[in-house]
Amino acid sequence: MSEPFVWSNEDFEAFYLKHFKFVYRVCFIYMKNSFDAEDCAEDVFAKVLSGKYSFNSEEHERKWLSVTAMNLCKDKLKSWWHKKTAALDQCEEMSAEGGFETDETLKEVMKLPPKYKDVIYLYYYMGYKTDEIAKILHKPSSTVRNHMREAREALKIKLGGESK
């Protein structure tokens, strides 16, 4: 087994500053409030700091960070099912405190079931292609495309567009 990677203070600080806003945004989509999003983002960086992970490229860093953030948020939501979270109309106010703007479309994306929210967020907000999303989520590409189609239809209806 290889030795754990040891971060220098300067290297970890640079890594953290470079990626914190990105990780926070992913967490905010799931947690819907700045406090829980910040906690989850910090947990992601605690995993990085553990030294068990190494990255091959900047793309690998971003993919690992996004998938880890999504999974940590989902785990916390499952274990905190009884915890009352902020109402969605309060999210805009809280997101402004965290420096994260939400628009009408993002609010509707946040309301989608996780299977739709994941693919929409990864595709439109993070720029991944459907084949990459399939690998990230460990699902067939056809499933990802179906979820994209169904999510677009749901968003079209919610946002006042015409449905087919």
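## A closer look at the packing of aromatic side chains
Item 1. As enumerated under the stated definition, the model contains 13 aromatic pairs in all.
Item 2. Ring centres of F12 and Y16 lie 6.3 Å apart, and the angle between their planes is 35 degrees; on these two criteria the pair is classed as tilted. Of this pair, F12 and Y16 both sit in helix α1 (residues 9–31), 4 residues apart, which is roughly one turn of the helix.
Item 3. Both rings, one in Y16 and one in F45, keep their centres 4.9 Å apart while their planes meet at 65 degrees; by these two values the pair is edge-to-face. Pair noted here: Y16 is in helix α1 and F45 is in helix α2 (residues 34–49), with a separation of 29 residues, a long-range link.
Item 4. Residue F45 is classed as buried on the basis of its relative accessible area of 2%.
Item 5. Among the aromatic residues, ring-to-ring pairing joins W7, F12, F15, Y16, F20, Y24, F28, F45, F55 and W64 into one connected group.
Item 6. For R62, the ring lying beneath its charged end belongs to F22, and the centroid distance is 3.9 Å.
Item 7. It is R152 that lies over the ring of Y123; its NZ or CZ is 5.7 Å from the centre.

## Brief notes about the confidence of the model for the protein
Should the pLDDT be low somewhere, the predicted coordinates at that spot are not to be read in detail.
Item 1. In the predicted model, the protein carries a mean pLDDT of 81, and 81% of its residues have values of at least 70.
Item 2. Highest mean pLDDT in the protein belongs to helix α8 (residues 141–158) (92); lowest belongs to helix α4 (residues 88–97) (47).

## Thoughts on the side chain of T68
Item 1. Residue placement: T68 occurs in helix α3 (residues 58–79).
Item 2. Those residues within four positions of T68 in sequence are excluded, and the remaining contacts are V44 and K47.

## Some remarks on unusual backbone geometry
Item 1. Non-glycine residue H138 carries a positive phi angle of around 55 degrees.
Item 2. With respect to the element layout, H138 can be found in the loop between α7 (130–137) and α8.

## Some points on α8
Item 1. Taking 1.5 Å per residue as the helical rise, α8 with its 18 residues ought to reach 26 Å, and the 26 Å between its terminal C-alpha atoms agrees with that figure.
Item 2. Residues of α8 that are buried: V144, H147, M148, A151 and L155. An end-on view of α8 places all buried positions within 105 degrees of arc, on one side of the element.
Item 3. On its buried side, α8 packs onto α5 (104–111), α6 (114–125) and α7.
Item 4. Among the residues trailing α8, G160 stands out with phi positive, at a value near 85 degrees.

Definitions and limits used
Residues numbered from 1 in each chain as written. Predicted model: local features only at pLDDT ≥ 70, side-chain atom pairs only at ≥ 80, totals over all residues. Heavy atoms only, no water. Phe/Tyr/Trp six-rings, centres within 6.5 Å; stacked < 30°, edge-to-face > 60°. Helix = DSSP H or I, 4+ residues; strand = E, 2+ residues; numbered from the N terminus. Buried < 20%, exposed > 50% of the residue type's maximum accessible area, 1.4 Å probe, protein only. Lys NZ or Arg CZ within 6 Å of the ring centre and 35° of its normal. pLDDT = per-residue confidence, 0-100. Contact = heavy atoms within 4.5 Å. Expected span 1.5 Å × (residues − 1). Arc of directions from axis to C-beta.

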